[in-house]
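Okay, here's what each chain looks like letter by letter:
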Amino acid sequence: VTKVLQLLCGLGAAYKYLCQYRSQDALELFRELPPEQINTGWVQHQIGKAYFEMTDYQQAHRALQQMRKVEPHRIKGLDILSTTLWQLKKEVELSDLAQEVVDFDRMAPEAWFVVGNCFSLQKEHE
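Residues numbered from 1 in each chain as written. Predicted model: local features only at pLDDT ≥ 70, side-chain atom pairs only at ≥ 80, totals over all residues. Heavy atoms only, no water.

## What about the environment of Val92?
The condition that has to hold: In DSSP terms, a helix is any run of H or I states spanning at least four residues, a strand is any run of E spanning at least two, and both are numbered starting from the N terminus.
Relative to the helices and strands, Val92 is located in helix α7 (residues 91-105). Sequence separation of Val92 and Gly12 is 80 residues, and the distance between their C-alpha atoms is 36 Å.

Pasting the structure below:
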């Protein structure tokens, strides 16, 4: 029970820092998590978000790709991934992501966020 409480306290503190835009502090706490927790889609999403908010798009991309690797059908976080790809000007990867997410769940708001970023990068606004 104590280990579970410690884990929840660590996750909660890291998430609180992230919500306060204290991304570096959040990352430090996320790094202290056990490996089996770090390698979950939720934690990789939060790590990617922290790097994104610090405008470290390469590290954000790395974390969000890991998120997709461990949870291939996760929709949450794809808005941040698509904006990261837009910032990195990765047109082909963004186009592939847009096609994949629309095929998976065309009604999800994240799907249309990804599509919008894709069209924006391709300069096709209509």
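## Concerning helix α4 (residues 41-53)
Going by this rule: Expected span of a helix, by definition, is 1.5 Å for each gap between consecutive residues, and there is one gap fewer than residues. By the convention used here, residues are in contact when the closest approach between their heavy atoms is within 4.5 Å.
The terminal C-alpha atoms of α4 lie 18 Å apart, and with 13 residues this matches the ideal 18 Å at 1.5 Å per residue to within 8%. Elements that come into contact with the buried residues of α4 comprise α1 (2-19), α2 (23-31), α3 (35-38), α5 (57-70) and α6 (78-87). Once α4 ends, the next one or two residues include Thr55, with phi positive near 60 degrees.

## Here we look at the pattern of salt bridges
So the rule is basically this: The term salt bridge refers to a side-chain nitrogen of Lys or Arg lying within 4 Å of a carboxyl oxygen of Asp or Glu. Burial status follows relative accessibility: with a 1.4 Å probe on protein chains alone, a residue under 20% of its type maximum counts as buried, one over 50% as exposed, and anything between as partly exposed.
What the rule picks out here adds up to three salt bridges. The shortest N-O distance in the salt bridge between Glu100 and Arg68 comes to 2.4 Å. Of this pair, Glu100 sits in helix α7 while Arg68 is found in helix α5, placing the two residues 32 residues apart along the sequence. For Arg68, a relative accessible area of 18% translates into the label buried. Here Glu71 ties to Arg74 by a salt bridge, and the two come within 3.6 Å at their closest N and O atoms. For Glu71, a relative accessible area of 30% puts it in the partly exposed group.

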